[in-house]
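# Observations on the model geometry
Residue-level listing of the chains:
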Amino acid sequence: LKLLPVLEGRAPRVRSRCSLVCLQSTEPSAAMGGGNAQKSAACRAKNLAKAKAEGAGGGGSGGIKSRAAAMDLKCTVCMQCFPNTQVKAAMQHAESKHPKSDFATCFPGTDAV
């Protein structure tokens, strides 16, 4: 952009406030740019980071869904569910609740530790 003073019939003073006329050039300026594309990309990146943080679950009421979904160990005899991290508790369950059955029949597909 080029700014030119408009003279109103007299010579401009050094400290005077004269009107300015703006003439646009036809060539694209490298200094200009940005706009909605940059805003959209920044917003998209911010939302992605927020979704990653929320996807981890966490403690308290925020992670109830992810913790409840991890009940993968299910006894085939009594249909009681255990979290997939509680293999030892499932082994104790098989020994105490179903002494006639072994761990492999109560929880098929689970490797005994």
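Here is a short report on the structure shown in this document.

The rules behind each value
- Residues numbered from 1 in each chain as written.
- Predicted model: local features only at pLDDT ≥ 70, side-chain atom pairs only at ≥ 80, totals over all residues.
- Heavy atoms only, no water.
- Helix = DSSP H or I, 4+ residues; strand = E, 2+ residues; numbered from the N terminus.
- Buried < 20%, exposed > 50% of the residue type's maximum accessible area, 1.4 Å probe, protein only.
- Contact = heavy atoms within 4.5 Å.
- Areas by Shrake-Rupley, 256 points an atom, 1.4 Å probe, with all protein chains shown as cover.
- Phe/Tyr/Trp six-rings, centres within 6.5 Å; stacked < 30°, edge-to-face > 60°.
- Arc of directions from axis to C-beta.

## A word on the overall build of the protein chain
- Counting its secondary structure elements, the protein chain contains 4 helices and 4 strands.
- The linear arrangement of helices and strands in the protein chain, starting from the amino end, is β-β-α-α-β-β-α-α.
- For the protein chain, buried positions account for 12% of its 113 residues.
- Taking the intrachain contacts of the protein chain between residues at least 6 apart in sequence as the baseline, contacts between residues at least 24 apart amount to 18%.
- Working note: accessible area of the protein chain is about 9600 Å², and carbon and sulfur atoms make up 56% of it.

## Overview of the packing of aromatic side chains
- Enumeration according to the criterion identifies 2 aromatic pairs in this entry.
- On the basis of an interplanar angle of 35 degrees and a centroid distance of 5.2 Å, the ring pair of Phe103 and Phe107 is categorised as tilted.
- Assessed through its relative accessible area of 13%, Phe103 is described here as buried.

## What to know about helix H3 (residues 87-97)
- Among all positions of H3, only Val87, Ala90, His93 and Ala94 are buried. The buried side chains of H3 occupy one side of the element, clustering within an arc of 110 degrees when seen end-on. In this structure, H3 carries Lys88, Gln92, Glu95 and Ser96 as exposed residues pointing more than 90 degrees from its buried face.
- Those residues of H3 that are buried are in contact with strand E3 (73-74), strand E4 (81-82) and helix H4 (103-106).

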